[in-house]
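One letter stands for each residue in the lines below.
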Amino acid sequence: MLHSLTVRDYMEANLVVLKPDMEVLDAMRILIEKEVNGAPVTDQLGNLCGILSEKDCLKIALNAGYYGDLGGTVSEYMSPDVVTVDVETSILDVAKMFLGAAFKSYPVMDDNILVGQINRHDVLRAIEHISQDSSSP
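*Asks:* Account for the state of the cysteines, naming residues and giving values.
*Replies:* Within the structure shown, the criterion is met by zero disulfides. Of all cysteine sulfurs in the structure, the one in Cys 57 sits closest to Cys 49, which takes part in no disulfide; the separation is 15 Å. You can call Cys 49 partly exposed: its relative accessible area is 22%.

*Asks:* Describe the sheet that holds strand S3 (residues 85–86), with residues and values.
*Replies:* With respect to topology, three strands assemble into an open sheet ordered S3-S4-S5, the strand pairing being mixed. Among the strands making up the open sheet, the edge pair consists of S3 and strand S5 (113–119). As paired strands, strand S4 (residues 105–110) and S5 are joined by six bridges and run antiparallel to one another. Bridging from a neighbouring strand, Met 109 pairs with Leu 114 of S5.

*Asks:* Tell me about the packing of aromatic side chains, and name the residues and values.
*Replies:* All told, the structure shown has two aromatic pairs when counted by the stated rule. Their ring planes at 45 degrees and their centres at 4.9 Å tell us that Phe 98 and Tyr 106 sit as a pair that is tilted. Look at Phe 98 and you get buried, because its relative accessible area is 8%. Relative to Tyr 106, the ring of Phe 103 lies with its centre 5.5 Å away and its plane at 75 degrees, an arrangement referred to as edge-to-face. For Phe 103, a relative accessible area of 38% gives the class partly exposed. Ring-pair connections join several aromatic residues into one group, and the members of that group are Phe 98, Phe 103 and Tyr 106.

*Asks:* Give me the layout of surface pockets: which residues, what numbers.
*Replies:* Quantified by volume, the largest pocket comes out at close to 430 Å³. Lining the largest pocket are 18 residues, with Ser 53, Lys 55, Ala 102, Phe 103 and Lys 104 positioned closest to its centre. For the lining of the largest pocket, the secondary structure elements donating two or more residues are strand S2 (48–53), helix H3 (54–67) and S4. In this model, the second largest pocket occupies a volume close to 230 Å³. Lining the second largest pocket are 15 residues; nearest its centre among them are Glu 12, Val 36, Gly 38, Gln 117 and Asn 119. Broken down by secondary-structure element, the contributors of at least two residues to the lining of the second largest pocket are strand S1 (38–42), S5 and helix H6 (120–135). The element best represented in the lining of the second largest pocket is S1, accounting for three residues. Looking at the lining of the second largest pocket residue by residue, the class counts come to five nonpolar, seven polar and three charged.

Parameters at a glance
- Residues numbered from 1 in each chain as written.
- Predicted model: local features only at pLDDT ≥ 70, side-chain atom pairs only at ≥ 80, totals over all residues.
- Heavy atoms only, no water.
- Disulfide = S-S within 2.5 Å.
- Buried < 20%, exposed > 50% of the residue type's maximum accessible area, 1.4 Å probe, protein only.
- Pairing = 2+ DSSP bridges.
- Helix = DSSP H or I, 4+ residues; strand = E, 2+ residues; numbered from the N terminus.
- Phe/Tyr/Trp six-rings, centres within 6.5 Å; stacked < 30°, edge-to-face > 60°.
- 1 Å grid on protein atoms, 1.4 Å probe; cavity = no way out; pocket = protein on both sides within 12 Å on 5 of 7 lines; lining within 4 Å.
- Points joined across faces, edges and corners; volume = space filled by probe spheres on them.
- Nonpolar A, V, L, I, M, F, W, Y, C, P; charged D, E, K, R; others polar.

Shown next, in the form of structure tokens:
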């Protein structure tokens, strides 16, 4: 049954999106305020160019501790090599991806256009949805 559910069904389409030239402390505040564990970074044309995660933001503390530098731009801290999933990917396949990697979320693409993000919580919602459907009379 999980094979029939796709990322499209459970992804978050209202994205928090960051820009590479933003101050990283401002971006970190956005992640905290929006209660997200990371956000895609897009260029001026909307192309995905990286992702800034909570883990990436921890580098701010290290830089401050070692170099006395508390700041910089998102592009200095983001991860430029982003693993994405297609909007039609099975929830089951995404669950396997989460088990095999340390990522907490993946940007979702549809024909090379960023359309959403899916995280572990979204996959859990899909499992719960299936379990409720199977237990209903």
